[in-house]
Every structure is written in C-alpha cells, then in structure tokens.
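Spelled out from the first residue to the last, the chains are:
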Amino acid sequence: MSSAAPTTTTHNQNKTHNFHPKRLTAFKGIRRQRRCRVPLVAMSIPQQGGNAQPLKRQPIEAREAIRMGIPSKGRMAEDTQGLLKSCQLSVRKLNPRQYAAEIPNVPGMEVWFQRATDVVRKLLTGDVDIGIVGYDMLREIGNEDEDLVIVHDALGFGGCHLAVAVPQAWENVNSLSQLKSDPRFSKERPLRVVTAYVNVATQFFKDQGMENVVISTADGALEAAPAMGAADCILDLVSSGTTLRENNLKEIEGGRVLDSQGCLVASREALLKRPGVLEIVHEMLERLEAHLRADGVFMVTANVRGSSAESVAEKICGGGSLLRGLQGPTVSPIYTPQSDGAVKEGHFYAVSIGVPKTRIYETVKSLRRMGGSGVLVFPMTYVFDEEPPRWTSLLTQLGLKSEDFNHLARGEAPVAR
Ligand SMILES: Nc1ncnc2c1ncn2[C@@H]1O[C@H](COP(=O)(O)OP(=O)(O)OP(=O)(O)O)[C@@H](O)[C@H]1O
Ligand SMILES: O=P(O)(O)OC[C@H]1O[C@H](OP(=O)(O)OP(=O)(O)O)[C@H](O)[C@@H]1O
Ligand SMILES: [Mg+2]
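Residues numbered from 1 in each chain as written. Chains lettered and ligands numbered in written order. Predicted model: local features only at pLDDT ≥ 70, side-chain atom pairs only at ≥ 80, totals over all residues. Heavy atoms only, no water.

With an unreviewed UniProt entry as reference, the chain is termed ATP phosphoribosyltransferase, source organism Bathycoccus prasinos. Per UniProt, the comment on the chain under Catalytic activity (unreviewed entry) is "1-(5-phospho-beta-D-ribosyl)-ATP + diphosphate = 5-phospho-alpha-D-ribose 1-diphosphate + ATP". (UniProt positions renumbered as here; feature names shortened; annotations may be inferred.)

1. Some thoughts on the sheet that holds strand β14 (residues 330-337)
Strand order in the open sheet formed by four strands is β14-β15-β13-β16, with antiparallel pairing between adjacent strands. Each end of this open sheet is capped by a strand with a single partner; those strands are β14 and β16 (373-379). Averaged over all neighbouring strand pairs, the angle between strand axes comes to 25°, with direction disregarded. Helix α11 (residues 309-317) rests against β13 (297-305), β14 and β15 (343-356) of the sheet, and its axis sits at about 125° to β13. (Pairing = 2+ DSSP bridges. Helix = DSSP H or I, 4+ residues; strand = E, 2+ residues; numbered from the N terminus. Axes fitted to C-alpha atoms, helices over the stretch in contact; angles between N-to-C directions. Contact = heavy atoms within 4.5 Å.)

2. Some thoughts on the site of ligand 1
Arg75, Met76, Arg115, Asp136 and Ser239 are the nearest of the 14 residues found near ligand 1. Within the backbone of Arg75, an N or O atom sits 2.6 Å from an oxygen atom of ligand 1. Interatomic distance of 2.7 Å between a side-chain N/O atom of Asp136 and an oxygen atom of ligand 1. Starting from 610 Å² of accessible surface for ligand 1 in isolation, the protein chains cover 77%. Residue assignment for the shell around ligand 1 shows that the elements contributing at least two residues are α2 (75-86) and α4 (135-142). Classifying every residue of the shell around ligand 1 gives four nonpolar, five polar and five charged. (Near = heavy atom within 4 Å. Polar contact = N/O pair within 3.5 Å; in protein donor to acceptor, adjacent residues only side chain to side chain. Areas by Shrake-Rupley, 256 points an atom, 1.4 Å probe, with all protein chains shown as cover. Nonpolar A, V, L, I, M, F, W, Y, C, P; charged D, E, K, R; others polar.)

3. Concerning helix α13 (residues 389-397)
Taken together, the buried positions of α13 are Trp391, Leu394 and Leu395. Looking straight down α13, one finds its buried side chains confined to an arc of 100°; they lie on one side. Facing away from the buried side of α13 by more than 90 degrees, the exposed set consists of Pro389 and Thr396. In the segment just after α13, Gly399 is the residue with positive phi, at about 70°. (Buried < 20%, exposed > 50% of the residue type's maximum accessible area, 1.4 Å probe, protein only. Arc of directions from axis to C-beta.)

4. Regarding the site of ligand 2
Around ligand 2, 14 residues are found, and the nearest of them are Arg75, Glu223, Ser239, Ser240 and Thr243. At 3.1 Å from an oxygen atom of ligand 2 is found a main-chain nitrogen or oxygen belonging to Ala221. Between ligand 2 and the protein, one listed contact pairs an oxygen atom with a side-chain N or O atom of Glu223 at 2.6 Å. Burial of ligand 2 by the protein chains amounts to 77% of its free accessible area of 490 Å². By residue number, the principal contributor to the shell around ligand 2 is strand β10 (residues 233-238), which donates three residues. When the residues that make up the shell around ligand 2 are grouped by side-chain class, the tally is three nonpolar, six polar and five charged.

5. A few points about the side chain of Ser267
Inspection of the secondary structure assignment puts Ser267 in strand β12 (residues 262-267). Using a relative accessible area of 1% as the deciding quantity, one classes Ser267 as buried. One polar contact links Ser267 to Asp147, side chain to side chain, over a distance of 2.8 Å. Those residues in contact with Ser267 that lie beyond four places of it in its chain are Arg57, Leu123, Asp129 and Asp147.

6. Here's the deal with helix α6 (residues 198-207)
Within α6, seven of the ten residues are buried, leaving the element largely enclosed by the surrounding structure. Trailing α6 by a residue or two, Gly209 shows a phi angle of about 70°, which is positive.

7. Regarding the nonpolar core
Grouped together as the largest cluster of nonpolar side chains are 39 residues, with contacts concentrated most on Met109, Ile130, Leu271 and Leu394. The biggest single contributor to this core is helix α10 (residues 277-294), with seven residues. Of all hydrophobic cores here, the second largest spans 37 residues; its members include Val128, Leu138, Val257 and Val265. (Core = buried A, V, L, I, M, F, W, Y, C linked by side-chain atoms within 4.5 Å.)

8. Focus on unusual backbone geometry
At Gln88, a position not held by glycine, the phi torsion is positive, near 55°. Along the chain, Gln88 falls in the loop between α2 and β3 (100-102).

9. Things to note about the packing of aromatic side chains
Across all of its chains, the model carries three aromatic pairs by this definition. With a centroid separation of 5.8 Å and an interplanar angle of 40°, the aromatic rings of Trp170 and Phe185 are classed as tilted. Placement of the pair is Trp170 in the loop between β7 (160-167) and α5 (176-180) and Phe185 in the loop between α5 and β8 (191-195), with a sequence separation of 15 residues. For the pair formed by Trp170 and Phe185, the shared burial category is buried. Considering the side-chain rings of Tyr382 and Phe384, the 5.1 Å spacing of their centres and the 35° angle between planes classify their relative orientation as tilted. On the basis of relative accessible area, Tyr382 is assigned to the partly exposed category, the value being 22%. With a relative accessible area of 47%, Phe384 lands in the partly exposed category. Its guanidinium or amino end placed over the ring of Phe113, Lys93 lies 3.8 Å from that ring's centre, counting from NZ or CZ. Lying across the ring of Trp170, Arg184 places its NZ or CZ 4.2 Å from the centre. (Phe/Tyr/Trp six-rings, centres within 6.5 Å; stacked < 30°, edge-to-face > 60°. Lys NZ or Arg CZ within 6 Å of the ring centre and 35° of its normal.)

In structure tokens form, the structure reads like this:
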C-alpha cells in the first residue's frame, strides 16, 4: 500500500439513546455490529475476515448447472424479485427459508439467495455465474476484478450514492478541499472516517491526495459514530438524506464518491466457457431493456375521423411532439362491415401512440381536440427495439462478435481471435 493511502482500524461503538424512528433503526444496528478487521491492500478476491482461508476460484468444470445469485434480504431483495417478475422471470421458491429457487421461464438455471456482499463474493469464486447487486457492493467487494462484467448498469432500483458526510456543526467545512486543509487534522491526529466501504474509501482518499486519514469500519448505523466520538466523519450511502439530517450530519461539495443502483453482473469466465450462460444473459438483457424502456410509457389508442390515413397522421403530427409517440403515430384504417359481408374502409382511423405516463391526460385532451373518440390507455410490458446497445457492448467487452455468439448459441466453441 502506498504511503499516501489512509490506514484502516476497527472500533467498538457504545450505547446511545434517542427517539426518532430512523435513530431507533440506527440503535438496533449498533447491537449487531461486529469487530471486523479489513485488509489494507486491494485484492483480487476479498477475504472473509478473521482467520478464514482466502477464497479460491472454482474451476469452471466443477459444476454443470448455471447459477444466478440474488440478494436474500435488505431492500434490494424485494426490488430484484419485483423487477424479474415484471419481465416474466418470476422466482419460485418452495418455502421462504429456502435459499435455492428457480425461474420457471429460464429452465436449467438455479437461483441462489445470498446477502448482497456474498453475491459478489460468489461471482468471484465462480460459485455463481450471474448476479444482481448494487453497484456500490460490486465496487467494494468486487474491487474492479477483471472477471466481473457489468451487463446492465441501471436496473432502476436501489438508487443511492456514497458520500462523505461531516457534522453539521463544522460550519467551516463545506467542501472536500476545506476538509483536506482543516488544521485540526494532521499526521499525529488524522481524520477518522468510518465506513462499510473500506476499499472504495481507501481509493477515494488516495485519489484525493488526503494522507492524514484513518479508516475504520462497522456494519451499519454509521451515522451514529461522529456524535458518539467514535469517528470524525462518515463515508456511507445516502438516498433521501434523512438519516444524515436526523443525525446532524451534512454532505460536502466534492464528497460524492459514487452513484449506485441495481446492476446485472456476470462472470467473464462463465459467459465465455459455461454452455448456456451467454444465451441466458442475452435473453435477460433483452427482457430487462425492453421492460425498462416500457416502464413509464402507456400505449394510447383513439379513433380519429379523416379522409385518409395520411391526413389523420398529418393532423396528429401537427398536434405537437407528444402525439408523435416513440417513432411517430401508427395510423390504421377501421373497416366497416357491409351488408353483403364485404368490408369497406370507413372515415375513422385508429391512432396508436406511446406516451409518457405523466402526460396521459394532456394527450387525451389533445386527441379529443382533433376529433378523437374511444380513447383507450394500456400499460406496456415491453418495448423491444433493435439489438440493445448494452448487448453489443457486452460482446465487445468479451472480445466477441455477433457471429461468435451465434456459434456459442449453437453449442460450438467461440471463434479464436
Ligand atoms: N437508503 C438506500 N436507498 C436506496 N438503496 C439503498 C439504500 N441503502 C442501501 N441501498 C442499496 O441496497 C443494497 C443493500 O443494502 P441494504 O441495507 O438493503 O441491505 P443490507 O445492508 O445487506 O442489509 P442490512 O442493512 O439489513 O444489513 C446496498 O448495497 C445499496 O445498493
Ligand atoms: O438517505 P436515506 O434515505 O436516509 O438512506 C440512507 C441510509 O440507508 C442505509 O441504511 P439502512 O437503512 O440500510 O440501515 P443500515 O445502516 O443498518 O444498513 C444507509 O446505510 C444509510 O444509513
Ligand atoms: Mg443497510
């Protein structure tokens, strides 16, 4: 470790008492804190702590089944299963205490419930091939390991950021540069930062050239540490900012370390060597992309009177960009049945447009102004577009081309390049 890097210690936190609900959560967290010695150096496979043996990577041939790891508890668990369900990839487990499950729509893949940190560890050890976790965990536990490949970096849940926060009472410290030059901290009396993200924090302070920093770690309720005197400031997750506020802490300019949300991650080795993994990831990515694109959009259809499809399309397009939909309105003739059994194109056309959910009423009013009637609004499940750019980017990261994927999909070996 370079001399500029902050050092890492552990500390115990003692009892405190207060009555805001968020603070009570914090109080519960303190009781389950454990002493945890965190290694000082960056590792390709993080240790389990204590005297545990270093984690070893399983050879790819150690098992045949394809495995996905998803969070077993915490706020990511519910959102992960919710998103999968929205993509018709519902996870089925026989009882709530079982940690193994399946996705009936993806036959042949095992789903394993793990703590978020362990999802990343198990990707690193080759015990799972695919995982869903927060980007924060991926960075902290994965530590930029080359085997970890981000397949989808924005699953739309678990949005938060990691930030440095200091006591509100530090009126003269509102930015990282002010913290850096704060005369209270020196080599003899370094700034004490508590965090659950030791690897990320170590790298951050090193990058900022902040040498007089000591990093300690705890499992949760970190916001209590400055008031208890156990640390000077914290580096922790922030979402609404309530926990910081309720514990008299504030973020500082330049102290935003990273933005996080749920990610789909896979092992490079598994993608390239375990038969079937790349195909499953391809299908999951397609479904996720199409679903996330559809989320927030409604399909609106209305019957509009006109002399031809073109004249109706012109009228709709003239009604503003909202009515043009995702690519332009779809206008189709409505056929009227005749007495002789034939059908005839009438004077009404069905118009279909994809509209942001937030602008539905505005759209209905515009359609009515154009003589639209029978307006129907449907939720969209998927918007499948061209091959998703994230898929192309994944293939590039793996050093593959589309034709290589076709070889793999046929069970043939990838083309050597
Ligand atoms: N306040 C938050 N808002 C949004 N996402 C969050 C928030 N806190 C954590 N996360 C995300 O959820 C992930 C799991 O955190 P969470 O606190 O739910 O579980 P945990 O820390 O494993 O459980 P516990 O807090 O009970 O020990 C984090 O890695 C992060 O990506
Ligand atoms: O900005 P906010 O919306 O208040 O959210 C931030 C808090 O959420 C997380 O804690 P969590 O509730 O998971 O408790 P923990 O500290 O025990 O993990 C995180 O560690 C922060 O403390
Ligand atoms: Mg938590």
